[in-house]
Amino acid sequence: MSLDVLKQLAEQFGRALLRTHSERGDDTAVIEAAAIRAVCLWLRDTPELAFDMLTDLTAVDYLEQGRRPRFEVVYHLYSLPRRHRVRLKVGVDDPAAEVDTVSDLWRNGNWLEREVWDLYGIKFRNHPDMRRILLYEAFEGHPLRKDYVKDRRQPLVRRPAGEIAAALGQRPAARRSLI
Amino acid sequence: MGLEFTTGRLADAINWARKYSLFQYPFVTACCGMEFMALWGPRFDVARFGAEFPRFSPRQADLLMVVGTVTERQAPVLKRIYEQICEPKWVVSFGVCASSGGFYQNYSTVPGIDHVIPVDVYIPGCPPQPEQVLDALIMLQQRIQDGRGWSQRQQQLEPSPRDPHTRPPQP
Amino acid sequence: MRDAKFARPLPPDADAPLPGRPALLGHGQQRNDGQELPTEEMVLNMGPSHPAMHGTVHLRLVLDGEKITSAGVSVGYLHRGFEKECEAHTWAENFPYTDRLNYVSPMLNNVGYALAVEKLLGVSAPARAQWIRMIVGELARLSDHLTYLGAQVMELGAFTPYFYVIKAREWVWDLLELVSGARLTHAYVRIGGVAADLPPDFAARTRETLERLSAVVEEFDRLITRNRIFMDRMQGVAVISADDAISHGWTGPCLRGSGVEYDVRKAHPYLFYDRVAFEIPIGANGDNMDRYLIRIEETRQSCAIIRQCLQQIEPGAIQLTDPRISLPTKAQAYNTIEGLINHFKLVVDGIEVPAGEVYSYTEAGNGELGFYLVADGSGRPVKCRCRPPCFMQMTALGHLLRGLNIADIIPTFDTLNMIGGECDR
């Protein structure tokens, strides 16, 4: 029953649909970036499909695989009345990676898109509140990009260097106070 | 019929009182909080050590329990809470994440809270067993009795104008 | 656009007056009608270190007296880089990281991750291993719901029932410790099976524990559910309609509280959930009380599932024997060169998972726990995304709190059961 979704997608969005596959039982459609909003809206509002839940929205960085475009934004949709799922993928490339927002179609899209912006640096056009969500504003870079070194920390606060050593060094050997 | 009396130092008496009335501020962030709940629970019963009652205002606490991973984003909060606690104060680092970052060695975690605030006792374990925590509490009580807590030592270093007994160390 | 379908419109900006209340006055302004004392807008910060915020959340509340006119929710204080760590480790090494996602029910995360990798590999664990996964998974669900119940009542001021459920949770942990060796972070499930078989007296001990545990839950139910204060603070508070909940991506007990019958165990059975009889409780009002009652009922259902599993489980292998997936036995690793090489390759290079991508989903304590994995044929994932159920629930917190009183924050936040490790990862 679920191949249906892909077939219907192909009928509706012939050219915007770049590839489809159903490996391991997961229906997947790769879509042109410009069409993602239209596809999502159509999937949500067509009564036979009724994808009323945005299960997940994330991105993948294919830098090490040398793929172009470098990023893929991945949407997982689920239909509670029909009990079927589909995965949509959209390729975006560096600099100025941008996709249209779906945060006005599903409410959790808002935070999920903020998370993708935070961790991957992919912007969402017309998003109402494109801020970092998991990290802090002072953070530079986007940590889940493959070229971000895993343990490159950007501390907000640290003790003064040498505080411990100085304190221990000055401590008189055997001296106690009343309080 | 001789006159019986004992002598002792006031500091020892005060420290003895302190070690049995630890008012803790639980700075609970992560997984270790589950074991921390168990510690309060009937089986392990931290009340036996006079440290059962959490104060949720740092101004009323003297023991800061840092339970769980502290991230770089959380670190300023931790530092601020530490600074709000009145002297003398003690810090227990509960679990490896708080002690060293544990197996989270990446962009977002602090590699041990001693990069941010001083720590008196470290508890290993991911999460530590409640028995380990009780052991750490006993260890901390011993340190308090001996006046070896970090903030106790700092107090000795800083001369108090009202107290002629505490003078800065002579060169 | 279908936005009109939402029961409540998305909130306009924070300054808009609530229906039925006069507009806020600015600082220093006075109302002339003499009807009401002048009110001033007040901003209150709650968290990120707050006693009732298990997990670390920061709420920025704009208040009109006791009423919340807008609530800004910021999460992320426990973002520990789960995905970055997973990408740096082999597939099998990631189990401890999954333990610490929803750290109240680590076994369920273990099971979810193992099923995802197995789906990617195209294998499935032996039958006994699957039964064991169900048993330990449901025990973890019990632990999750008991912790929720304890936290819920404790943060509403009832400290003693908290001790009751923590006592019962210790019994559950005892069982899990018996199986896995660890009280909380088990890392017990393996790709293609589980780490060790159940101990010989496990079934008897579990049955006996479930008896005692059920008694505690019933006692808790009698003690709390009909308590007047508790009911006042829970009933009719933070109501969310089914449409809203779905649009926010809610799953699990919270979605079922709004009357949507969706449980992955029933809708898309995995393991052997189609061979056990159990029911999905559903709420009618979508308020705090329903979300609480559902968790109470789910503990009973979990007990029933475990009893049925113990009846149906049969002896057999607990781990696949495929040398590309499973570690050799200790005897082989110590005594044969092939075993040693095999062990070495699996530990250092990791299980070679064929290239591809997969989304696998299970019912965890808070709802649909999904794993979206991308493999490139090496021993380490390209991408290991966890779909966090309580993150989705947190997206709705700001909307839920709008128009409530300050005192309603705590029960509402509690029923969403936000777990920092899972929400922020």
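Our structure's up above, just so we're on the same page.
Residues numbered from 1 in each chain as written. Chains lettered and ligands numbered in written order. Predicted model: local features only at pLDDT ≥ 70, side-chain atom pairs only at ≥ 80, totals over all residues. Heavy atoms only, no water.

## Quick look at the overall build of chain B
Piece 1. Within chain B, the regular secondary structure consists of 6 helices and 4 strands.
Piece 2. Mapped from its N terminus to its C terminus, chain B presents α and β elements in the order α-β-α-β-α-β-α-β-α-α.
Piece 3. Taking the intrachain contacts of chain B between residues at least 6 apart in sequence as the baseline, contacts between residues at least 24 apart amount to 74%.
Piece 4. Summed over its atoms, the accessible surface of chain B is roughly 7400 Å², and 57% of this surface lies on carbon and sulfur atoms. (Helix = DSSP H or I, 4+ residues; strand = E, 2+ residues; numbered from the N terminus. Contact = heavy atoms within 4.5 Å. Areas by Shrake-Rupley, 256 points an atom, 1.4 Å probe, with all protein chains shown as cover.)

## Some remarks on the nonpolar core
Nonpolar side chains tend to gather and get buried jointly when the protein is soluble and globular.
Piece 1. Of all hydrophobic cores here, the largest spans 211 residues; its most connected members are Leu43, Tyr75 and Leu88 of chain A together with Met394 of chain C.
Piece 2. When residues in this core are grouped by element, the largest group, 13 residues, is from helix α4 (residues 127-155) of chain C.
Piece 3. Contacts of Met394 of chain C, omitting those with residues within four sequence positions, involve Trp111 of chain A together with Val57, Val73, Val75, Phe413, Leu416, Met418 and Cys423 of chain C.
Piece 4. Tyr25, Leu64, Val66 and Val77 of chain B belong to the second largest nonpolar core, which has 21 residues in total. (Core = buried A, V, L, I, M, F, W, Y, C linked by side-chain atoms within 4.5 Å. Buried < 20%, exposed > 50% of the residue type's maximum accessible area, 1.4 Å probe, protein only.)

## Digging into the environment of Ala88 of chain C
Piece 1. Structurally, Ala88 of chain C can be placed in helix α1 (residues 82-88).
Piece 2. In sequence terms Ala88 of chain C and Leu178 of chain C are 90 residues apart; their C-alpha atoms lie 31 Å from each other.
Piece 3. Not counting residues up to four positions away in its chain, the partners in contact with Ala88 of chain C are Lys150 of chain A together with Arg380 of chain C.

## Brief notes about the pattern of salt bridges
Piece 1. Summed over all chains, the structure comprises 51 salt bridges over all chains.
Piece 2. Ionic pairing is found between Arg43 of chain B and Asp174 of chain C, a salt bridge with its closest N-O pair at 2.8 Å. With Arg43 of chain B in the loop between α2 (32-40) and β2 (63-67) and Asp174 of chain C in helix α5 (residues 159-180), this residue pair bridges two chains.
Piece 3. By relative accessible area, Asp174 of chain C is classed as partly exposed at 23%.
Piece 4. Among the salt bridges present, the one from Glu218 of chain C reaches Arg300 of chain C, with a minimum N-O distance of 2.8 Å. Here Glu218 of chain C is found in helix α6 (residues 202-224), whereas its partner Arg300 of chain C is found in helix α11 (residues 288-312), with 82 residues between them in sequence.
Piece 5. With relative accessibility at 29%, the residue Glu218 of chain C sits in the partly exposed group.
Piece 6. Among the charged side chains, a network of salt bridges with common partners joins Asp26, Arg67, Glu72, Arg87 and Lys89 of chain A together with Lys119 and Glu357 of chain C. (Salt bridge = Lys/Arg side-chain N within 4 Å of Asp/Glu carboxyl O.)

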